[in-house]
Amino acid sequence: MTDHHKTNIMTLTRYVLEQQRIHPEASGDLTIAMNGVQVGCKFVETCVRKARLVNLVGLAGNTNVQGEDQKKLDVLSNEMFVNALMASGKFSFMVSEEVDDIVVVPEELRGKYCITFDPLDGSSNIDAGVNVGTIFGIWRLPSGPKATVDEILVPGSEIIAGGYCMYGSSCNLVLTFGNNRVEGFTLDPALGEFILTHPNIRIPPRGKIYSVNEGNSLYWDAATKAYFDSIKFPSPESGLKPYSARYIGSMVADVHRTLLYGGVFAYPSDRKSRSGKLRILYESFPMAFITEQAGGKATTGIQRVLDLVPKHIHDRCPIFLGGTEDIADVEKAFASNTSWLNETQK
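For clarity, every value in this text was computed on a predicted model and none was experimentally measured.

> Help me understand the packing of helix α3 (residues 29-49) against helix α4 (residues 72-88), please; the structure alone is not making it clear to me.
To describe two helices that pack against each other, one gives the angle between their axes and the distance between the axes. At a closest axis distance of 8 Å, the pairing of α3 and α4 adopts a crossing angle of 155°. As far as their axial angle goes, α4 and α3 are roughly antiparallel. You can see that α3 and α4 cross each other, and the crossing is right-handed. Listed contacts from α4 to Ile32, Ala33, Gly36, Val37, Val39, Gly40, Cys41, Phe43, Val44, Cys47 and Val48 of α3 are Leu73, Leu76, Ser77, Met80, Phe81, Ala84, Leu85 and Ser88. Here the residues of the contact of α3 with α4 are counted per class, giving 15 nonpolar, four polar and no charged.

> Where do I start with empty space enclosed by the protein in this structure?
The rolling of a water-molecule-sized probe over the atoms marks out the regions of remaining empty space. Counted according to the given criterion, the structure contains two cavities of 30 Å³ or more. What lines the second largest cavity is simply Cys114, Trp139, Arg140, Leu141, Glu151, Ile152 and Val154. Tallied by class, the residues present in the lining of the second largest cavity amount to five nonpolar, no polar and two charged.

> Mind showing me how you'd approach helix α6 (residues 251-261) here?
Residues spaced three or four apart along an α-helix point in a common direction, a consequence of the helix completing one turn every 3.6 residues. The element α6 is largely enclosed, with a buried count of nine among its eleven residues. Buried within α6 we find Met251, Val252, Ala253, Asp254, Val255, His256, Arg257, Thr258 and Leu259. Gly262 sits one or two positions beyond α6 and adopts a positive phi of about 90°.

> Would you mind going over the pairing of strand β6 (residues 132-140) with me for this structure?
Regular strands show a simple pattern: their side chains alternate between the two faces of the sheet. Taken across its nine residues, β6 has eight buried, putting it largely inside the fold. Where strand β5 (residues 113-121) meets β6, seven bridges bridge the pair, whose relative direction is antiparallel. The partner of Tyr113 across the bridge, within β6, is Arg140. The sheet contact formed by β6 and strand β7 (residues 159-167) spans eight bridges and is antiparallel. Paired with Phe136 across the strands is Gly163, a residue of β7.

> Looking at this structure, how should I read the packing of helix α5 (residues 222-232) against helix α8 (residues 324-336)?
Orientation of α5 relative to α8, taken along the N-to-C sense of each, is 140°, at an axis distance of 8 Å. In terms of orientation, α5 lies oblique with respect to α8. As for the relative orientation of α5 and α8, their crossing is right-handed in sense. On α8, the residues that touch Ala223, Thr224 and Tyr227 of α5 are Asp326, Asp329, Val330, Ala333 and Phe334. Looking at side-chain class alone, the contact of α5 with α8 contains five nonpolar, one polar and two charged residues.

> Can you help me understand the pattern of salt bridges in this one?
Opposite charge on two side chains allows them to pair when their charged atoms are near. Under the counting rule described, the total for this entry stands at 15 salt bridges. Two residues, Glu45 and Arg49, come together in a salt bridge whose shortest N-O distance is 2.7 Å. Of this pair, Glu45 and Arg49 both sit in helix α3, four residues apart, roughly one helical turn. When its relative accessible area of 9% is taken as the criterion, Glu45 is described as buried. Residue classification places Arg49 among the exposed positions, given a relative accessible area of 52%. Here Asp326 and Arg206 are joined by a salt bridge, their closest N and O atoms 3.3 Å apart. Of this pair, Asp326 sits in helix α8 while Arg206 is found in the loop between β10 (193-198) and β11 (209-211), placing the two residues 120 residues apart along the sequence. A relative accessible area of 27% means that Arg206 is categorised as partly exposed.

> Would you explain the packing of aromatic side chains in this entry?
Here a ring pair, both rings aromatic, is described through the centre-centre distance and the interplanar angle of the planes. Inspection of the entire model under this criterion finds nine aromatic pairs. A centroid spacing of 6.2 Å and a plane angle of 50° characterise the contact between Trp139 and Phe285, whose relative ring orientation is tilted. A residue pair is termed long-range when its members are at least 10 positions apart, and Trp139 in strand β6 and Phe285 in helix α7 (residues 280-293) qualify at 146 residues. We note that Trp139, like Phe285, is buried. Site record: aromatic cluster; members linked through ring pairs are Tyr210, Trp220, Tyr227, Phe228, Phe320 and Phe334.

> So what exactly am I meant to see when it comes to the sheet that holds strand β17 (residues 319-322) here?
Two orientations exist for strands paired in a sheet by backbone hydrogen bonds: parallel and antiparallel. Overall, mixed pairing links the five strands, which are arranged β12-β11-β13-β17-β15 in an open sheet. Each having just a single partner strand, β12 (244-245) and β15 (297-299) make up the two edges of the open sheet. The sheet contact formed by β11 and β12 spans two bridges and is parallel. Looking at the pairing, Tyr210 lines up with Ala245 of β12.

Thresholds applied
- Numbers given for residues are sequential positions, taken from 1 along each chain in its written order.
- Where local features are concerned, this predicted model is filtered to residues with pLDDT of at least 70; where side-chain atom pairs are given and counted, the filter is 80 or more; whole-chain, interface and lining totals use all residues.
- Water and hydrogen atoms play no part in the side-chain values, which are based on all heavy atoms of the structure.
- Orientation is described by lines fitted to C-alpha atoms, with helices fitted over the stretch in contact, and by angles between N-to-C directions that extend from 0 to 180 degrees.
- Working definition: helices are DSSP H or I runs of at least four residues, strands are E runs of at least two. Numbering for both runs from the N terminus.
- Any angle that is under 35 degrees is reported as roughly parallel, and any over 145 degrees as roughly antiparallel; angles of 65 to 115 degrees are reported as roughly perpendicular and all others as oblique.
- Should the near helix be turned anticlockwise from the far one by less than a right angle, the crossing is termed left-handed; should it be turned clockwise, right-handed.
- Two residues qualify as a contact provided that any one of their heavy atoms is within 4.5 Å of a heavy atom in the partner residue.
- Basically, the charged four are Asp, Glu, Lys and Arg, the nonpolar ten are Ala, Val, Leu, Ile, Met, Phe, Trp, Tyr, Cys and Pro, and anything else, Gly included, counts as polar.
- Using protein atoms alone on a 1 Å grid, points that fit a 1.4 Å probe yet trap it form a cavity, whereas open point sets bounded by protein on both sides within 12 Å along at least five of seven lines form a pocket; residues with an atom within 4 Å of a point count as lining.
- Grid points are joined across faces, edges and corners, and a volume is the space filled by probe spheres set on the points.
- Accessible area is worked out with a 1.4 Å probe on protein chains only. A residue is then buried under 20% of its type maximum, exposed over 50%, and partly exposed in between.
- Two strands are counted as paired when DSSP detects at least two bridges linking them.
- For salt bridges, the criterion is a side-chain nitrogen of Lys or Arg within 4 Å of an Asp or Glu carboxyl oxygen.
- For this analysis, a ring pair means two rings from Phe, Tyr or Trp (six-membered ring only for Trp) whose centres lie within 6.5 Å, classed as stacked if their planes differ by under 30 degrees, edge-to-face if by over 60, and tilted for the remaining angles.

Right under this line is the structure:
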């Protein structure tokens with residue numbers, strides 16, 4: 001006799017449809033919008049997996065708005081996402097790391113959402129075979145299809161959906177709709193479907209791992225140094241053991257591990273990057289949203305990340321995200337070491 005539980009699989013499409021049923025007021029537009037995201041992720045996963053075989057590694061010969069050299073896969077991934085999302089007919093605006101300006105969707109295809117995305121985060125690692133990923137956030141436009149670009153620069157707290165897709169030994173898509181649940185799906189290549197494998201991800205309040213580029217430690221402010229010294233060389237009275245360092249250099253991979261195992265992921269500001277390195281709209285906001293919905297916190301050190309209001313679509317910010325107890329320690333370090341205020345003004 002067939003085991004019903006082994007055949008009753010929860011696909012991403014089914015999950016989104018069930019969320020729609022739970023909310024009778026839902027129009028189904030977000031369901032269709034998420035289908036466009038799925039298509040983009042599956043296409044990029046296929047390209048990443050065969051990149052070396054079909055000569056998709058290396059530089060494309062261009063730089064993006066950040067001044068970074070664009071990889072061939074950067075360009076291809078961006079074009080695929082723009083086309084898939086535009087075809088859904090549910091977005092009026094898109095903000096991509098790879099495009100200087102806001103992508104305005106033609107009037108006949110416009111919808112009530114705006115999406116921000118980094119089509120291929122960590123692409124500098126592609127040639128080395130390291131995990132890379134896509135990050136995205138979705139906002140509802142108050143004026144719907146008639147919205148203006150002014151409605152894009154809003155606090156992160158107005159985000160309605162956020163997620164990332166990680167391409168590596170497996171293809172994992174982590175998603176939240178802001179209902180205090182974060183779900184993890186894994187792509188089954190045989191079915192061509194994302195299957196629920198990590199239901200209701202919860203980040204431990206305190207972990208044992210920190211993830212930061214210590215190559216920049218020479219340029220850190222006193223508060224950042226104090227915090228990382230406190231977890232590398234904990235005082236006997238703290239009762240803590242030294243944290244282990246794990247840093248991949250791909251935000252999606254580092255945050256994914258932090259969500260599952262706990263600890264802290266950080267990309268602080270420093271004397272080289274006074275406003276931080278990660279972009280607010282399509283990196284910090286979605287990842288902060290996911291972290292909070294999984295029971296964690298995300299801060300700049302002095303302010304909740306989701307309370308920021310960007311002034312430009314490519315603005316940056318510092319970020320520390322992780323379990324509640326770990327981030328509380330970060331906030332204490334910044335409250336106790338106010339010399340960072342003077343250092344940021346030098």
